[in-house]
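Coordinate analysis (summary)
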Amino acid sequence: MLFRFQIINFIFQLNGKFPAKSSVLSVLAPKLNNSWSHYHTQIRPTKFRSSERDHTLDSNISHSNWLITKLSREGKINEARKLFDKMPDLDVISWTTMITGYIKCGCLKEARILFDDPGSKKDVFTWTALLSGYVRSRQIAEAERLFVEIPYKNVVTWNTMMSGYANIGSINSALNLFNRMPERNVVSWNTIITALAQSRRVDEARKLFDIMQEKDVVSWTAMVTGLSKSGRVDEARELFERMPNKNVISWNAMVTGYAQNLRLKEAFEIFEKMPEKDLPSWNTMITGFIQNGDLKQARKLFNEMQERNVVTWTTMIEGFVQSEQSEEALRYFSRMQADGIWPNQGTFLSVLSACSVLAGLSEGRQIHQVISKSNFQNNAFVECALISMYSKCGELSTSREIFSRAKQKDLVSWNCMIAAYSHHGCGREAIQLMNEMRNLGFRPNDVTYVGILSACSHSGLVDEGMKFFDELVKDGSIELKEDHYACLVDLCGRSGKLQQAFEFIKGLGDRASKCVWGALLGGCSYYGNIKIGNLVAKRLLELEQDNSGTYLLLSNIHAANGNWKDAAEIRLKMKDTGLKKQPGCSWIEVGNRVNVFVVRDRSHAETELLYCVLRDLYVKMRGEGYLPCTELMDE
């Protein structure tokens, strides 16, 4: 964002004004179409230093400069250089155009070599173009050295260096430069106000804003945005109402401010009042509704939109995933492709999550094929989502294959694979993988320990899990979270150390969440421990009164011990409070068709055949000595 203000610096100072109406994308487009070569050839400065001859009247040179600019924009930088080398006469605009072309194509080293050529002709625009290149590539040390060397600096030069500091978060350095500027324009003020506001130094930004002599729409919008992001949305609204001129970006800033502070009613009121809406306006409002859990209203707005982009579709897909409507998420992904919109990283992450929830292996494989044809096939986050998806669809070997093929493994990749082993109860493999990770110099974080503790718990590796937990406590650099405590309690519960786990939770005090208590209640249910189970259930019901699972587990504990009367009373109490257990549900994909089964559901077309097979299986299981544990079955 701050580098984009650098581009605005160039536009403002050479054009003299911003467009009256413009979208976020047009004003802040991070492209170098408005490069220094473009300015020299199309919007030339009004005058050069008197010691230099103005060659702009030479049509041959002017045409060659234009061609260099055109070739550079098309990425044909080698052809542009050949043309440059063939020019019999080069003016300062030619040198600046070629240097800027290199910068635009990411060839900063070549730009510097040309800049340092003994025969090069430079003016303040040439120096500032190279400075801009260093700023854009975040080579601030080089930018600082060049800035000191510049023989003559104009306001654009100062603004470029200031925005460079702001880009890397060196706000104090940017502010110091601003205070030293011999001359400032509105872009100078806007850059520093935006930098301060974005770094949550809103009061300092407001002081500068209040003493600013000439404010434009960018100044007002920057201040409104800063106040909104700091939670001071009422102050932002007061400032918004005072704005002499508003454009679509200003309106979007106010809508975003209300939406980010979960004041959706006011956000929607502003949205409806907007004289002009663009794609960010609609996307912001849809995102706000989804974040507030109002998927119905988000869907209504989505259907009203005349135009949608990848952000629109991805937001809706993620909304369906969050609302546990994964099948709808996949349908929207298909519609998005049919609309010719190419997915981005966020889209792939959301839709792979939907496949994981549904255990939709065939859909996951199809999405994997799409990913393999995109620029995200080696993206670490997308690879992790694939590892997780295949793991949850039962394809652990495929997960391991993707992990092994990954060119650049980071900590997230290792954590995903450890979690995959944990999901399948492969504790030994998870431990081995963690050792490999450490040998390669990766330090485990809180997520790593959740994965390894869970893997130990699911594999019955109690001693190993205890060692990892002790290691975590002694480390000191990692904050212990409720997931770590829940894993430890689950570890103790599965090994029958219920009293030890109970004492541990009591020692946590208020830090013991319902997740931690729930893990212990599960252990009590497994071992039929009524004494501790009653205490744990009582505590759980204090934390969450409407959880039917707590009642059912406690009822099963009593049933396992033959206390049928107590079990029935608990079930009756559950019904009296209006709680109902969600029916068990499972599904299996056969022949590209998903077959869904609910408890006692006989709606399937082949119900009779299915029950016949089940009866045969039951007879064979009884023949092998299997006895069902019917006392723990739900009603």
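Residues numbered from 1 in each chain as written. Predicted model: local features only at pLDDT ≥ 70, side-chain atom pairs only at ≥ 80, totals over all residues. Heavy atoms only, no water.

1. Considerations on the overall build of the chain
Helix and strand counts for the chain come out as 36 helices and 2 strands. Partitioning the contacts of the chain with sequence separation of at least 6, the portion at a separation of at least 24 is 60%. Carbon and sulfur atoms form 50% of the exposed surface of the chain, whose accessible area is close to 32600 Å². (Helix = DSSP H or I, 4+ residues; strand = E, 2+ residues; numbered from the N terminus. Contact = heavy atoms within 4.5 Å. Areas by Shrake-Rupley, 256 points an atom, 1.4 Å probe, with all protein chains shown as cover.)

2. Quick look at the nonpolar core
The biggest cluster of nonpolar side chains holds 170 residues, and the ones touching the most others in it are Ile192, Ile193, Met285, Met316, Ile367, Ile452 and Leu520. Those residues in contact with Ile193 that sit more than four places away from it in its chain are Ala205, Leu208, Phe209, Met212, Ala222 and Met223. (Core = buried A, V, L, I, M, F, W, Y, C linked by side-chain atoms within 4.5 Å. Buried < 20%, exposed > 50% of the residue type's maximum accessible area, 1.4 Å probe, protein only.)

3. As for helix 13 (residues 202–211)
Within helix 13, the full set of buried residues consists of Val202, Ala205, Arg206, Leu208 and Phe209. The buried residues of helix 13 occupy an angular sector of 165 degrees when the element is viewed end-on, so they sit on one face. Opposite the buried face of helix 13, at more than 90 degrees from it, the exposed residues are Lys207 and Ile211. Residues of helix 13 that are buried make contact with helix 11 (171–180), helix 12 (186–198), helix 14 (217–229) and helix 15 (233–242). (Arc of directions from axis to C-beta.)

4. Let's talk about the pattern of salt bridges
Side-chain pairs of opposite charge can arise whenever the charged atoms involved come near each other. By the definition in use, this model includes 22 salt bridges. Two residues, Arg206 and Asp210, come together in a salt bridge whose shortest N-O distance is 3.1 Å. Residue Arg206 and its partner Asp210 are both found in helix 13; the two are separated by 4 residues, about one turn of the helix. Taking the shortest distance from any N to any O, the salt bridge between Glu241 and Arg237 comes out at 2.7 Å. Taken as a pair, Glu241 and Arg237 lie in helix 15 at a separation of 4 residues, close to a single helical turn. Residue classification places Glu241 among the partly exposed positions, given a relative accessible area of 46%. Through salt bridges with shared partners, a single ionic network connects Lys70, Glu74 and Lys76. (Salt bridge = Lys/Arg side-chain N within 4 Å of Asp/Glu carboxyl O.)

5. Some details on helix 27 (residues 427–439)
Relative to the 18 Å expected for 13 residues at 1.5 Å per residue, helix 27 spans 19 Å between its end C-alpha atoms, a close match to the ideal helical length. Along helix 27, the positions that sit buried rather than exposed are Gly427, Ala430, Ile431, Leu433, Met434 and Met437. Looking down the long axis of helix 27, one finds its buried residues gathered within 160 degrees of arc, a one-sided arrangement. Helix 27 presents Arg428 and Asn439 as exposed residues on the side facing more than 90 degrees away from its buried surface. Check the buried side of helix 27 and you find it contacts helix 25 (396–405), helix 26 (411–423), helix 28 (446–459) and helix 29 (462–475). (Expected span 1.5 Å × (residues − 1).)

6. Points about the environment of Val351
Tracing the sequence through the fold places Val351 in helix 22 (residues 345–358). Look at Val351 and you get buried, because its relative accessible area is 0%.

7. A short note on the packing of helix 19 (residues 295–304) against helix 20 (residues 310–322)
Interaxial distance between helix 19 and helix 20 falls to 11 Å at its minimum, and their mutual angle equals 155 degrees. With respect to helix 20, the element helix 19 is oriented roughly antiparallel. The chirality of how helix 19 crosses helix 20 is left-handed. Residue-level contacts link Leu295, Ala298, Arg299 and Phe302 of helix 19 to Thr312, Trp313, Met316, Gly319 and Phe320 of helix 20. (Axes fitted to C-alpha atoms, helices over the stretch in contact; angles between N-to-C directions. Parallel < 35°, antiparallel > 145°, perpendicular 65-115°, else oblique. Left-handed = near helix turned anticlockwise from the far one by under 90°.)

8. Comments concerning unusual backbone geometry
Generally, phi is negative for residues other than glycine and the peptide bonds are trans, each holding for most cases. Its identity is not glycine, yet Leu262 carries a phi of approximately 60 degrees, on the positive side. Judged by its relative accessible area of 51%, Leu262 falls in the exposed class. Positive phi, close to 60 degrees, is recorded for Glu324, a residue that is not glycine. Topologically, Glu324 is positioned in the loop between helix 20 and helix 21 (326–338).

9. Points about the side chain of Glu383
Along the polypeptide, Glu383 turns up in helix 24 (residues 380–392). Summary of buried charges: Glu383 has no salt-bridge partner, and the nearest side chain of opposite charge, Arg405, is 7.2 Å away. Those residues within four positions of Glu383 in sequence are excluded, and the remaining contacts are Gln377, Asn378, Ile402 and Ala406. (Lys, Arg positive; Asp, Glu negative; His and termini not counted.)

10. Concerning the UniProt feature "repeat: PPR" (unreviewed entry) in the chain
Taking the numbering used here, the UniProt-annotated feature "repeat: PPR" (unreviewed entry) corresponds to residues 60–94, 123–153, 154–188, 216–250, 278–312, 410–444 and 445–479. Split by type, residues 60–94 is 77% helix and 0% strand. Its first and last C-alpha atoms lie 11 Å apart. (UniProt positions renumbered as here; feature names shortened; annotations may be inferred.)

11. Topic: the environment of Glu266
If you trace the backbone, Glu266 turns up in helix 17 (residues 264–273). Since its relative accessible area comes to 24%, Glu266 is described here as partly exposed. Placed 11 residues apart in sequence, Glu266 and Val255 show a C-alpha to C-alpha distance of 8.0 Å.

12. Digging into the packing of aromatic side chains
Tallied over the full model, the rule gives 18 aromatic pairs. On the basis of an interplanar angle of 55 degrees and a centroid distance of 4.7 Å, the ring pair of Phe320 and Tyr332 is categorised as tilted. With Phe320 in helix 20 and Tyr332 in helix 21, this residue pair connects regions lying 12 residues apart in the sequence. Residue Phe320 shares its accessibility class with Tyr332, and that shared class is buried. Members of the aromatic cluster, joined through ring pairs, are Phe268, Phe271, Trp282 and Phe289. When the ring centre of Phe178 is taken as reference, the NZ or CZ atom of Arg184 above it lies at 4.1 Å. (Phe/Tyr/Trp six-rings, centres within 6.5 Å; stacked < 30°, edge-to-face > 60°. Lys NZ or Arg CZ within 6 Å of the ring centre and 35° of its normal.)

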